[in-house]
Amino acid sequence: MGHILRDTPVEGVCRLTLNRPDALNSLTFSMYEELVDHLEAIRYDHDVRVVILTGAGRGFCAGHDIRGAGKPDWVAEGLGKAQFQQRVMAKLGQIPVLMHALPQPVICAVNGVTAGAGYPIALAADMTIAARSAKFVNAFHNAGTGHEIGFSYLLPRLVGMQRAAELMLTGRAVMAEEAAQIGMILRCVDDEALMDEALKLAEAVMVNSPIGIAVTKGSMWLNVDAPSLGAAIEMENRAIFMSQSTADTAEKRKAFIEKRKPDFTGQ
């Protein structure tokens, strides 16, 4: 049985729950593969408007399970240590890339501790909210390694270089309230309100047209690395041209004027 649960708490929302609560949802090799498979499937699921990623029990994700991760099915037997690690990290590196590539926004609802590999996964979401008790633990130095899964790319873009340098080089932990204050996450909320807040955020997204959200998200992540203002504007222009030709865009405008909920058809 897999350790990532998929359900639909409300229409249009796909919730993925890391489900190894007895191990604080620490990640096994099979879970990395499961998560990649789920993200690839969701990308082409037009019934999914928003993705919520969370953890079961009292933690979001304690990182890689160094004691019981098992063996990666996607790596051949008999490889040297470097070759083995290269293939493992290639799979892990797909996770934030796929999260950004989804046309659907990803909301990460961090409940409790997130450490090691769970940390960059939480930061790779389009919007991250956290329970007030949540704690972001930089466990990479504990393992004597550098950072992984895009952490050194994601964190400076959220909090700036100086603050990222302090957090990455000292390895100190960050509680949810500080994370919200420095812009590392969107906001922190009372523990019991976490999922309700995630669903409210999802509902606020879903009043907008699917194509409008998809091209907006795509432009946002591409333009983080745009070489110039002109290149960013060109990307936005192409997104406008694409979305303006759809029936859903017309429906959104009509619903706004008529002060009603839009009825999107995917056309």
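Anyway, here's the lowdown on the structure attached to this text. (Residues numbered from 1 in each chain as written. Predicted model: local features only at pLDDT ≥ 70, side-chain atom pairs only at ≥ 80, totals over all residues. Heavy atoms only, no water.)

## Some words on helix α9 (residues 229–244)
Okay, step 1: The end-to-end C-alpha separation of α9 is 22 Å, in line with the 22 Å expected for 16 residues at 1.5 Å each.
Okay, step 2: Of the residues making up α9, those classed as buried are A232, A239 and S243. Along the long axis of α9, the arc covered by the buried residues comes to 30 degrees, so they all point the same way. For α9, the exposed residues set more than 90 degrees away from the buried face come down to R238 and F241.
Okay, step 3: Here the buried face of α9 lies against α8 (210–223) and α10 (247–258). (Helix = DSSP H or I, 4+ residues; strand = E, 2+ residues; numbered from the N terminus. Expected span 1.5 Å × (residues − 1). Buried < 20%, exposed > 50% of the residue type's maximum accessible area, 1.4 Å probe, protein only. Arc of directions from axis to C-beta. Contact = heavy atoms within 4.5 Å.)

## Examining the pattern of salt bridges
Okay, step 1: Tallying each qualifying case throughout the model produces 11 salt bridges.
Okay, step 2: E166 is the partner of R172 in a salt bridge, and the nearest nitrogen-oxygen pair spans 2.5 Å.
Okay, step 3: For R172, a relative accessible area of 30% translates into the label partly exposed.
Okay, step 4: Between R238 and E234 there is a salt bridge, with its nearest N and O atoms 3.0 Å apart. Of the two residues, R238 and E234 are both situated in helix α9; the distance of four residues between them amounts to about one turn of the helix. (Salt bridge = Lys/Arg side-chain N within 4 Å of Asp/Glu carboxyl O.)

## A word on the pairing of strand β2 (residues 13–18)
Okay, step 1: Burial of β2 is extensive: six of the six residues sit out of reach of the surface.
Okay, step 2: Burial along β2 is two-sided: the residues V13, R15 and T17 and C14, L16 and L18 are all buried.
Okay, step 3: Looking at chain direction, strand β1 (residues 4–7) and β2 are connected through four bridges and run antiparallel. In the sheet register, R6 faces β2, and the bridge partner there is L16. (Pairing = 2+ DSSP bridges.)

## With respect to the sheet that holds strand β4 (residues 59–61)
Okay, step 1: An order of β4-β6-β8-β9 is seen for the four strands of this open sheet, with the pairing classed as mixed. Each of the sheet's edge strands pairs with one partner strand only, and the pair in question is β4 and β9 (174–175).

## Some remarks on helix α4 (residues 151–159)
Okay, step 1: Taken residue by residue, α4 has F151, L154, L155, P156 and V159 as its buried positions.
Okay, step 2: In this fold, the buried residues of α4 make contact with α2 (81–101), α3 (118–123) and α5 (161–170).
Okay, step 3: Backbone geometry just downstream of α4 places G160 in the positive-phi region, at approximately 90 degrees.

## Observations concerning the nonpolar core
Okay, step 1: Counting residues in hydrophobic clusters, the biggest one holds 53 residues, and the most contacted among them are L16, M99, F136, L155 and M184.
Okay, step 2: Tallying contributions element by element places helix α1 (residues 29–43) first for this core, with seven residues.
Okay, step 3: Setting aside chain neighbours within four positions, we find L155 in contact with L123, G160, A164, L167, M168 and M184.
Okay, step 4: If you look at the next biggest cluster of nonpolar residues, it comprises 16 residues, including I52, I129, L199 and I213. (Core = buried A, V, L, I, M, F, W, Y, C linked by side-chain atoms within 4.5 Å.)

## A word on the packing of α4 against α5
Okay, step 1: α5 packs onto α4 with a crossing angle of 130 degrees between their chain directions and a minimal axis gap of 7 Å. It follows from the interaxial angle that α4 and α5 lie oblique. Handedness of the α4/α5 crossing: right-handed. Residues F151, S152, L155, P156 and V159 of α4 touch α5, and the partners they reach there are M161, R163, A164, L167 and M168.
Okay, step 2: Residues belonging to the contact of α4 with α5 are distributed by class as follows: eight nonpolar, one polar and one charged. (Axes fitted to C-alpha atoms, helices over the stretch in contact; angles between N-to-C directions. Parallel < 35°, antiparallel > 145°, perpendicular 65-115°, else oblique. Left-handed = near helix turned anticlockwise from the far one by under 90°. Nonpolar A, V, L, I, M, F, W, Y, C, P; charged D, E, K, R; others polar.)

## Regarding the sheet that holds strand β10 (residues 187–189)
Consider a sheet: its strands pair through backbone hydrogen bonds, and that pairing is either parallel or antiparallel.
Okay, step 1: Taken together, the six strands give an open sheet; going across it, the order is β1-β2-β3-β5-β7-β10, and neighbouring strands pair in mixed fashion. Where the open sheet ends on each side, the last strands, each with one partner, are β1 and β10. In this sheet, neighbouring strand axes are inclined to one another by 20 degrees on average, regardless of whether the strands run parallel or antiparallel.
Okay, step 2: Alignment of strand β7 (residues 127–131) against β10, held across three bridges, turns out to be parallel.

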